[in-house]
Amino acid sequence: MRNYGYSEGGKQGSLSDFRLWQRIIQFSVPYKWGLIAAVVISFLITACTLTLPYLVQTAIDSYITAVDLVTSKRLSGLSTTTMQYGLLIVTVFFATFTQILVLEWVGQSVMHTVRQRLFDNILHLDLPFFNSNPTGKLVTRLTNDIQNMNEMFTSVIVTLFNDLLRLGGILALLFYMNPRLAAIMACFVPVALTITIIFAKLARERFREIRTKLAAMNSFLSETLAGISILQIFNKQDKCKDDYENLTSGYLEKTIRQIKLFGTFMPLTEFLSSAAVAIILWYGGGEILRERLTLGELVAFISYMRLFFQPLRELSQKYSVVQSAMASAERIFQLLDTKSKIIEKTHPEK
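As the structure is a computational prediction, the values presented were derived from the model and not from experiment. (Residues numbered from 1 in each chain as written. Predicted model: local features only at pLDDT ≥ 70, side-chain atom pairs only at ≥ 80, totals over all residues. Heavy atoms only, no water.)

**Let's talk about unusual backbone geometry**
Formally: A run of H or I in DSSP becomes a helix once it reaches four residues, and a run of E becomes a strand once it reaches two; helices and strands are each numbered from the N terminus. Exposure classes here rest on a 1.4 Å probe applied to the protein chains alone. A residue is buried below 20% of its type maximum, exposed above 50%, and partly exposed in between.
Despite not being glycine, Asn235 has its phi angle at roughly 55°, a positive value. Counting through the fold element by element, Asn235 comes out in the loop between helix H8 (228–233) and helix H9 (237–289). Accessibility expressed as a relative area gives 59% for Asn235, which makes it exposed.

This is the structure in structure tokens:
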């Protein structure tokens, strides 16, 4: 099928493309303190999140199942632990809220700068450039591609750091709490990582196909509506309708394929997480009966394990977003580097 003057093919931005990252960072330098603040908040959020299961363990082992304490001391200890738990929840809420505000401000500010420079550059290009580049392509650069980069700033970069920091902290805590249970859980990690990598690769291809179809639709709509009078003069309405139906059908097909992929990956990772919980309950329950493990430790261990699998489910989606943003950055910078072939004189001769 034709692409109607526009295609998302060609060179795609890569995560390992240092040149692209260097240019993106250059736009972010004026807002570096905002990014640093977001990273610092990440440490606070991770510390509070990883403390919550420990408080549950303390409440169970030190107060609920303790037989050498009187009821009043149990209730007092539970009240204190509950207050600490609630305080951490409130801290995580306000820290996350602040981090989102900071990231949105940084992302919107950077994208405002990029959008203004890109539009200014387009205004100064010569007319032959617009003859070879349809309007839909340029509109996509100024809207969809810049929005993709904004999502990378606001939804991925620092939150990806949060997830990696959380994964490292959880693994360290699990091996510190019980090396035997941690070793059992570690057997699931390679499987989860393999599934995540496969999904990320497939999702990236599906997403590129969707963007290609969407870009073709935008370009076709722009060119058709701009020349609607010519189409009516030559009685091409039915042909345009059929062409647009082919475009939308292709877009629908690619979108359904992506939905099926997500519909397979999400239950699969959930099944893997549930299987790990079942094995830990079976083995951990035996350890409790043999008095090698406390009930609180088992509950905390399961809580940490659930926190561990949650970022793995999100990493593949964030990887796709970053990959798409890098591809958009490649196209944006390519357009920024395009200069007019007609050189205007600063002081034209009279």
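**Remarks on the pattern of salt bridges**
Note the threshold: Any carboxyl oxygen of Asp or Glu that lies within 4 Å of a side-chain nitrogen of Lys or Arg is treated as forming a salt bridge with it.
Counted according to the given criterion, the structure contains nine salt bridges. Across the pair Arg331 and Asp145 runs a salt bridge, and its minimum N-O distance is 3.5 Å. Highlighted residues: Arg331 in helix H10 (residues 295–336) and Asp145 in helix H5 (residues 135–177), separated in sequence by 186 residues. Classification of Arg331 as buried rests on a relative accessible area of 6%.

**Remarks on a nonpolar patch on the surface**
Condition: Each patch is built from residues that are more than 30% exposed by relative accessible area and take part in no salt bridge. Like charges join if they lie within 9 Å; nonpolar side chains (Val, Leu, Ile, Met, Phe, Trp, Tyr) join within 5 Å. What sets the accessible areas is the Shrake-Rupley method with a 1.4 Å probe; for residues, cover comes only from the shown protein chains.
A grouping of Trp33, Ile36 and Val40 is seen on the molecular surface, where their side chains present a nonpolar patch of about 350 Å² in accessible area. Mapped onto the fold, Ile36 is located in helix H2 (residues 32–64).

**As for the nonpolar core**
What counts here: We call a set of buried residues a nonpolar core when its members are Ala, Val, Leu, Ile, Met, Phe, Trp, Tyr or Cys and they connect through side-chain atoms within 4.5 Å of each other. We call two residues contacting when some pair of their heavy atoms lies within 4.5 Å.
Ranked by internal contacts, the top residues of the largest apolar core, which has 31 residues, are Ile170, Leu174, Ile280, Met305, Phe308 and Phe309. When contributions to this core are tallied by element, the ones reaching two or more residues are H5, helix H6 (179–186), helix H7 (188–226), H9 and H10. With ten residues, the single largest contributor to this core is H10. Excluding residues that lie within four positions of it along the chain, Met305 makes contacts with Met185, Ala276, Val277 and Ile280. By size, the runner-up hydrophobic cluster in this structure holds 30 residues, among which are Tyr31, Leu118, Phe153 and Leu335.

**Topic: the layout of surface pockets**
Convention followed: Here a cavity denotes grid points, spaced 1 Å and computed from the protein atoms alone, that fit a 1.4 Å probe unable to get out, and a pocket denotes an open set having protein on both sides within 12 Å along at least 5 of 7 lines; residues with an atom within 4 Å of a point are the lining. Grid points are joined across faces, edges and corners, and a volume is the space filled by probe spheres set on the points. Three categories are distinguished: nonpolar for Ala, Val, Leu, Ile, Met, Phe, Trp, Tyr, Cys and Pro, charged for Asp, Glu, Lys and Arg, and polar for the others, with Gly belonging to the last.
Volume-wise, the largest pocket comes out at about 300 Å³. What lines the largest pocket is a set of 17 residues, among which Thr96, Gln99, Thr159, Asn162 and Arg166 lie closest to the centre. Those elements that place two or more of their residues in the lining of the largest pocket are H2, helix H3 (71–123), H5 and H10. The dominant element in the lining of the largest pocket, judged by the number of residues it contributes, is H5, at six residues. When grouped by side-chain class, the residues that make up the lining of the largest pocket number four nonpolar, nine polar and four charged.

**Describing the packing of H2 against H3**
Here is the rule we go by: The axes are straight lines fitted to the C-alpha atoms, using for helices just the contacting stretch, and the angles between their N-to-C directions are given from 0 to 180°. Small angles under 35 degrees read as roughly parallel and large ones over 145 as roughly antiparallel, with 65 to 115 read as roughly perpendicular and the rest as oblique. Whether a crossing is left-handed or right-handed is set by the direction in which the near helix is turned from the far one by less than a right angle, anticlockwise for left-handed and clockwise for right-handed.
Axis separation between H2 and H3 bottoms out at 9 Å; the angle between their running directions is 160°. Relative to H3, H2 is oriented roughly antiparallel. The two elements H2 and H3 meet at a crossing, and its hand is left-handed. Residue composition of the contact of H2 with H3, grouped by class: 21 nonpolar, eleven polar and two charged.

**Details of the packing of aromatic side chains**
Definition in use: Ring pairs are drawn from Phe, Tyr and Trp, using the six-membered ring of Trp, whenever the two centres fall within 6.5 Å, and their geometry is named by plane angle: stacked under 30 degrees, edge-to-face over 60, tilted for the rest.
Evaluated as defined, the whole model comprises seven aromatic pairs. Taking the centre distance of 5.4 Å and the plane angle of 85° together, the rings of Phe129 and Phe130 count as edge-to-face. On the basis of relative accessibility, which here comes to 11%, the residue Phe129 falls in the buried class. Between the aromatic rings of Phe199 and Phe265, the centroid separation amounts to 4.0 Å while the plane-to-plane angle is 15°, which identifies the pairing as stacked. Here the residue Phe199 occupies a position in helix H7, and Phe265 occupies one in helix H9, the gap between them amounting to 66 residues. Neither residue differs from the other here; Phe199 and Phe265 are each classed as buried. A connected cluster of aromatic rings, assembled from ring pairs, spans Phe199, Phe262 and Phe265.

**Some remarks on H6**
In an α-helix, one turn spans 3.6 residues; hence positions three or four apart end up facing the same way. How we decide: Working definition: the arc comes from the directions between the helix axis and the C-beta atoms, pointing outward to the latter. The term polar contact refers here to a pair of N or O atoms within 3.5 Å; inside protein, the definition further demands a hydrogen-donor-capable atom paired with an acceptor-capable atom, and it admits residues adjacent in sequence only when both atoms are side-chain atoms.
Those residues of H6 that sit buried are Leu181, Ala182 and Met185. Buried residues of H6 fall within an arc of 100° about the axis and therefore sit on the same side. Taking the backbone nitrogen of Arg180 as reference, a side-chain oxygen 3.1 Å away marks Asn178 as the first, capping residue of H6.

**A short note on the environment of Gln57**
Within the secondary structure layout, Gln57 lies in helix H2. Residue Gln57 is classed as buried on the basis of its relative accessible area, which comes to 15%.

Bear in mind that shape data such as this cannot, by itself, settle questions of function.
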